[in-house]
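For reference, the chains in residue letters:
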Amino acid sequence: MTLDRVIVASSNAGKIKEIREIFSGTEVISMKDLGFDEDIPETGRTFKENAYIKASTVCKKYGMPTLADDSGLCVNSLDGAPGIYSARFSGEGPAENRKLLLKRMKDLTDRKAYFECSVCLCLPDGKTYYGVGRTYGRILYEEIGTNGFGYDSLFWSQDLNKSFGLAADEEKNSVSHRARALQDLADTLQRL
């Protein structure tokens, strides 16, 4: 299946750029381009559910294929936390989220973690397709690097053998959970 146009239920320029690169033959429109600025409550209990909520909301409003994602950091020794609450883990923003993560892991030796992303494509006819991606690593004992955002400076990537905080955008994007989820979705669509 090929898509001529798709709305991305996000106003994040980095996400939209990444989606444009993977879906290079498709016109990618951000919801911001359409003037959509409503807050879509993420009430799901999984990344997949939250991606669906965002994609279906925008798809229903505009009657066009819509793509959305939800992602976060999952730490094994914290039973998958912060998970779907990654962006609001501390309730006070990225720097405080990182401080709280380090505090909760202070005495833990199992530092294995992964970033997970679920993407959802909703079509106006009601069909829905998903892609999932993960990138594995471990949580550092202190921040290393200043690149990226969120938890990047605390995440040691197995693929890159360095902190995401030290990785250039191109390096990180080549192994990112979002890129892998988008590729998984693209592969699914190719088979249709």
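Summarised in this report is the structure supplied together with it. This is a predicted model, so every value here is computed, not measured.

Basis of the calculations
- Residues numbered from 1 in each chain as written.
- Predicted model: local features only at pLDDT ≥ 70, side-chain atom pairs only at ≥ 80, totals over all residues.
- Heavy atoms only, no water.
- Buried < 20%, exposed > 50% of the residue type's maximum accessible area, 1.4 Å probe, protein only.
- Helix = DSSP H or I, 4+ residues; strand = E, 2+ residues; numbered from the N terminus.
- Arc of directions from axis to C-beta.
- Contact = heavy atoms within 4.5 Å.
- Polar contact = N/O pair within 3.5 Å; in protein donor to acceptor, adjacent residues only side chain to side chain.
- 1 Å grid on protein atoms, 1.4 Å probe; cavity = no way out; pocket = protein on both sides within 12 Å on 5 of 7 lines; lining within 4 Å.
- Points joined across faces, edges and corners; volume = space filled by probe spheres on them.
- Nonpolar A, V, L, I, M, F, W, Y, C, P; charged D, E, K, R; others polar.
- Core = buried A, V, L, I, M, F, W, Y, C linked by side-chain atoms within 4.5 Å.
- Phe/Tyr/Trp six-rings, centres within 6.5 Å; stacked < 30°, edge-to-face > 60°.
- Lys NZ or Arg CZ within 6 Å of the ring centre and 35° of its normal.

### A few points about helix H1 (residues 13-22)
Consideration 1: Restricting attention to buried positions, one finds in H1 the residues Lys 15, Ile 16, Glu 18 and Ile 19. For H1, the angular spread of buried residues about the axis comes to 160°, placing them on one side. Counted as exposed and oriented over 90 degrees from the buried face of H1: Ala 13 and Lys 17.
Consideration 2: On its buried face, H1 is in contact with strand E1 (5-8), strand E2 (27-30), strand E3 (66-75), helix H4 (169-175) and helix H5 (177-191).
Consideration 3: Where H1 begins, the side chain of Asn 12 points an oxygen toward the backbone nitrogen of Lys 15, at a separation of 2.9 Å.

### Structural notes on the environment of Arg 180
Consideration 1: Looking at the element boundaries, Arg 180 is found in helix H5.
Consideration 2: Residues contacting Arg 180, with those up to four places away along its chain left out, are Val 132, Gly 133, Arg 134, Thr 135, Asp 159 and Val 175.

### Topic: the layout of surface pockets
Consideration 1: In this structure, the largest pocket spans a volume of roughly 1000 Å³.
Consideration 2: Around the largest pocket, the lining is made up of 41 residues, and of these Asn 12, Lys 15, Ser 71, Phe 149 and Arg 178 lie nearest the centre.
Consideration 3: For the lining of the largest pocket, the secondary structure elements donating two or more residues are H1, E3, helix H3 (94-104), H4 and H5.
Consideration 4: Looking at the lining of the largest pocket residue by residue, the classes come out as 11 nonpolar, 15 polar and 15 charged.
Consideration 5: Its volume calculated, the second largest pocket comes out at about 220 Å³.
Consideration 6: Lining of the second largest pocket is provided by Met 1, Thr 2, Leu 3, Asp 4, Ile 22, Phe 23, Ser 24, Gly 25, Thr 26, Ala 186, Leu 189 and Gln 190.

### Side note on the nonpolar core
Consideration 1: Residues Ile 19, Phe 23, Leu 67, Val 119, Leu 121, Leu 185 and Leu 189 are the most contacted members of the largest nonpolar core, which totals 18 residues.
Consideration 2: For this core, the secondary-structure elements that each account for two or more residues are E1, H1, strand E4 (112-122) and H5.
Consideration 3: Among the elements that take part in this core, H5 stands out by supplying 5 residues, more than any other.
Consideration 4: Not counting residues within four places of it along the chain, the set of residues in contact with Leu 121 comprises Leu 3, Val 6, Pro 65, Thr 66, Leu 67, Lys 127, Thr 128, Tyr 129, Leu 185 and Leu 189.

### Describing the packing of aromatic side chains
Working definition: an aromatic ring pair is given by the centre-to-centre distance plus the angle between the planes.
Consideration 1: For the structure shown, the criterion picks out 5 aromatic pairs.
Consideration 2: Geometrically, the ring pair formed by Phe 36 and Tyr 62 is edge-to-face, given 6.2 Å between the ring centres and 65° between the ring planes. In this pair, Phe 36 sits in the loop between E2 and helix H2 (47-62) while Tyr 62 sits in helix H2, placing the two residues 26 residues apart along the sequence.
Consideration 3: Measuring from ring centre to ring centre gives 6.1 Å for Phe 115 and Phe 164, while their planes differ by 10°; the resulting arrangement is stacked. Pair noted here: Phe 115 is in strand E4 and Phe 164 is in the loop between strand E7 (162-163) and H4, with a separation of 49 residues, a long-range link. The pair formed by Phe 115 and Phe 164 is uniform in burial state, with each residue classed as buried.
Consideration 4: Chaining the aromatic ring pairs together yields one cluster made of Phe 115, Phe 155 and Phe 164.
Consideration 5: Taking the ring centre of Tyr 130 as reference, the NZ or CZ of Lys 48 above it sits at 4.5 Å.

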